[in-house]
Amino acid sequence: MAVAYLIIFASLFCFTVAVPVENALKTYLVFVETPQGLDSLESETLDKYYQQFLPVTTELSSDEPRIVHSYRHVITGFAAKLTAAEVETMKQKEGFLSAHPERILSLQTTYTPKFLGLQQNTTGFWNSSNYGKGVIVGVLDTGVTPNHPSFSDKGMPPPPAKWKGKCDFKDVCNNKVIGARNFVASGESPADEVGHGTHTASTAAGSAVAGANALGQGWGTASGMAPMAHLAIYKVCGQQGCADSAILGAIDAAVGDGVDVLSLSLGGDSAPFFQDGIAIGAFGAVKKGVLVSCAAGNSGPAAGSLSNEAPWILTVGASTVDRQMGSTVLLGNKKEMDGQTLFQPEDFPSKMLPLVYAGSAANSSGVYCAPGSLNKLDVKGKMVVCEMGGEIRRLDKGIEVKSHGGAAMILINNVANGFTTLADAHELPTSHVNYEAGLAIKAYINSTSTPTASIIFKGTVIGKQEAPQVASFSSRGPSQASPGIMKPDVIGPGVSILAAWPAPADNNNINNSSQSTFNMISGTSMACPHLSGIAALLRSAHPDWSPAAIKSAIMTTTHLTQIGGKPITDEQGLIADMFDMGSGHVNPAGASNPGLIYDILPDDYVPYLCGLGYSNAQVSTIVQKKVECSLNQTISEAQLNYPSFVLQLGSRPQTYTRTITNVGRANSVYKAEVYAPEGVGVEVNPKEIVFGQLSERASYSVTFSVKNVTNQRFMQGSLFWVADGYSVKSPFGIIVDY
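Residues numbered from 1 in each chain as written. Predicted model: local features only at pLDDT ≥ 70, side-chain atom pairs only at ≥ 80, totals over all residues. Heavy atoms only, no water.

Caption draft 1: Highlighting the sheet that holds strand β19 (residues 291–295). In space, the seven strands of this open sheet follow the order β11-β14-β10-β17-β19-β20-β28, with parallel pairing throughout. Strands at the two margins of the open sheet, each flanked by one partner only, are β11 (177–182) and β28 (490–493). Sheet twist, expressed as the average angle between the axes of neighbouring strands with direction ignored, equals 25°. The strands touched by helix α10 (residues 524–541) within the sheet are β10 (136–141), β17 (261–264), β19, β20 (314–319) and β28, with β20 carrying the most contacts at an inclination of about 125°. Packing of helix α11 (residues 547–555) onto the sheet brings it into contact with β19, β20 and β28, and relative to β19 it is tilted by some 50°. (Pairing = 2+ DSSP bridges. Helix = DSSP H or I, 4+ residues; strand = E, 2+ residues; numbered from the N terminus. Axes fitted to C-alpha atoms, helices over the stretch in contact; angles between N-to-C directions. Contact = heavy atoms within 4.5 Å.)

What follows is the structure in structure tokens.
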């Protein structure tokens with residue numbers, strides 16, 4: 001049999017070394033059975049238990065141990081440097097469950113509190129939730145800039161008595177940032193060298209900072225969603241990405257430290273839950289009462305492009321807000337096209353400039369303004385039209401134009417990005433316009449031999465009626481890991497979000513005299529901490545609610561319309577469906593008083609996981625206890641007590657049950673209202689439920705059936721339980737299969 005080899009190249013010497021694949025060291029996540037009496041085991045005893053699974057040679061060298069991370073709180077297992085052959089040997093040892101190579105995952109405000117209805121008054125949700133006081137939000141990201149004003153602890157109480165964490169900064173942590181640890185390089189500072197972690201942490205629970213802006217735009221008072229909550233920072237990502245072993249180590253530590261909410265703006269490709277370190281760690285966190293909020297991913301608008309799909313995770317997609325950094329393109333034919341940019345120079349001349357398309361017939365390879373693509377095109381003193389895409393960063397397109405003497409840039413969307421435009425810190429005057437505007441601009445260029453254009457900078461513009469809209473980059477369902485669970489769960493603000501940054505926003509073009517240390521960036525990474533902060537508010541307002549109850553409250557109370565009153569749309573302007581936006585756009589005030597909740601206990605996931613066809617060992621790896629699926633009543637995905645339904649429906653009717661808990665008012669009567677698509681029958685039994693007291697539970701069943709044959713392969717509707725002052729929504733999606 002041929003032996004596969006990895007070729008290792010030495011950068012300073014002219015030779016190669018061939019290493020058999022089975023002898024190549026990799027970091028593996030190893031999951032083992034929990035020994036009896038684990039809760040009473042000392043760390044040294046647990047480490048000895050882990051050591052027995054390792055090869056006889058437990059160190060690679062005198063200063064490099066095999067075990068990289070040792071886990072205790074959310075899973076029983078460890079991360080270690082192993083060869084494939086050593087893992088095969090390990091599988092024979094008693095207590096072994098599974099092992100797989102770690103994955104390297106990727107990273108996926110002044111105004112958004114107001115946009116979400118969070119305002120300083122005596123009756124609002126901020127006040128009733130005490131601004132998140134006493135809640136600890138753990139942020140797993142690139143670290144933090146602890147001396148940023150968003151992390152001031154003025155007016156903050158000390159950490160709650162349950163806090164057991166530590167701070168790897170020297171004399172920097174305070175009552176806001178109560179802990180900070182580095183899981184990328186143990187013992188080193190958890191300082192943020194990227195900016196991403198500082199931005200997400202301040203979005204979730206940053207303190208209020210007056211006069212926040214980026215390049216003079218978006219002026220206002222910046223605040224996190226839960227401004228009185230504490231922050232615990234866990235650095236798990238560096239320049240090379242985010243390692244599974246570090247993420248799992250940080251989740252394990254955070255749960256032991258006493259956090260209430262975990263925020264992870266990172267993720268990777270879809271994987272079975274038993275091979276997904278975040279899913280496994282999150283399950284352990286949920287068992288300890290910790291809500292886990294994760295970014296849905298930035299691979300949209302492609303279908304089935306989600307990250308972080310487990311039903312015990314709050315999976316967050318991204319949407320726009322009604323604020324834009326306006327920059328309008330004025331064409332020589334007097335037509336105007338609205339766009340966006342963060343960099344808006346006051347001295348930009350209003351005169352019309354020659355307009356050139358980078359992908360013209362003479363320079364077809366330059367359509368994306370890639371580095372070097374404009375070498376043969378005369379752009380000096382001209383406004384250059386560049387297209388999105390080509391795997392070229394938006395800012396790099398502007399750098400290419402500027403390096404060849406271009407005076408300005410119009411960045412036009414491709415069809416996939418549709419109406420989603422972003423406010424970036426470009427290096428030259430720019431307007432990022434939508435696909436429709438781009439077509440009109442290109443048509444104008446082709447209509448005249450002397451096309452011209454200018455850009456009118458309008459500053460911060462509030463009140464866009466088409467917001468919220470699902471962002472083009474926001475990853476979409478259906479879930480690949482579990483198609484019968486609706487994902488994402490919810491959408492929240494994730495486009496052009498202003499939040500803390502380690503240094504002044506810099507486009508290498510201007511002297512930012514304000515020394516603003518804020519930046520405006522976009523992604524589901526920005527949407528996730530909005531929901532993490534809102535979850536912290538809910539935990540503060542309802543400390544007895546489980547993670548599933550908080551998720552349910554968020555999902556059943558969402559908005560389905562834009563501020564202009566029309567249904568929420570996707571990036572193409574089409575009405576968004578459940579695989580675009582989940583249950584809808586987050587509504588914090590509604591979530592604080594949902595009326596009913598769909599609760600799920602950790603043990604309830606076992607029959608669901610068995611129903612996915614997972615083996616006993618695979619389910620045991622996730623739930624961290626011995627499972628025999630043959631002894632459990634397996635259930636289909638649609639039978640999990642989730643606040644939504646997704647099912648494949650053929651000629652036979654299908655019936656599913658749900659259990660709801662009254663958290664609204666005693667002596668209340670809820671009536672079922674169904675909005676079903678044409679051709680689908682939906683029967684609810686009973687149609688009316690009476691609750692005599694709070695915390696009372698009741699069950700109902702829903703039967704779905706196909707009434708009339710239709711050409712539509714996917715349809716959706718909603719079930720509402722309606723009482724005085726309450727409307728509890730459960731969306732359902734039906735994939736027709738006959």
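Caption draft 2: Broad picture of the packing of aromatic side chains. Following the criterion strictly, the structure yields 17 aromatic pairs and no others. Between W312 and Y605 the ring centres are 5.3 Å apart and the planes differ by 80°, which places this aromatic pair in the edge-to-face class. In this pair, W312 is assigned in the loop between β19 and β20 and Y605 in helix α14 (residues 605–611), connecting sequence segments 293 residues apart. Here W312 matches Y605 in class, with each residue buried. Positioned above the aromatic ring of F645, the side-chain terminus of R658 is 3.9 Å from the ring centre. (Phe/Tyr/Trp six-rings, centres within 6.5 Å; stacked < 30°, edge-to-face > 60°. Buried < 20%, exposed > 50% of the residue type's maximum accessible area, 1.4 Å probe, protein only. Lys NZ or Arg CZ within 6 Å of the ring centre and 35° of its normal.)

Caption draft 3: Just the nonpolar core, in detail. If you look at the biggest cluster of nonpolar residues, it comprises 69 residues, and the most contacted ones within it are Y234, I247, L262, L264, F273, W312 and I622. Ranked by the residues each element gives to this core, the list is headed by helix α6 (residues 244–257), at eight residues. Residues within four places of W312 in sequence aside, it is in contact with F273, A279, A282, F283, V286, K551, Y605, Y608, L609 and I622. In terms of nonpolar packing, the next biggest core, distinct from the first, is built from 49 residues, V137, V177, I534 and A553 among them. (Core = buried A, V, L, I, M, F, W, Y, C linked by side-chain atoms within 4.5 Å.)

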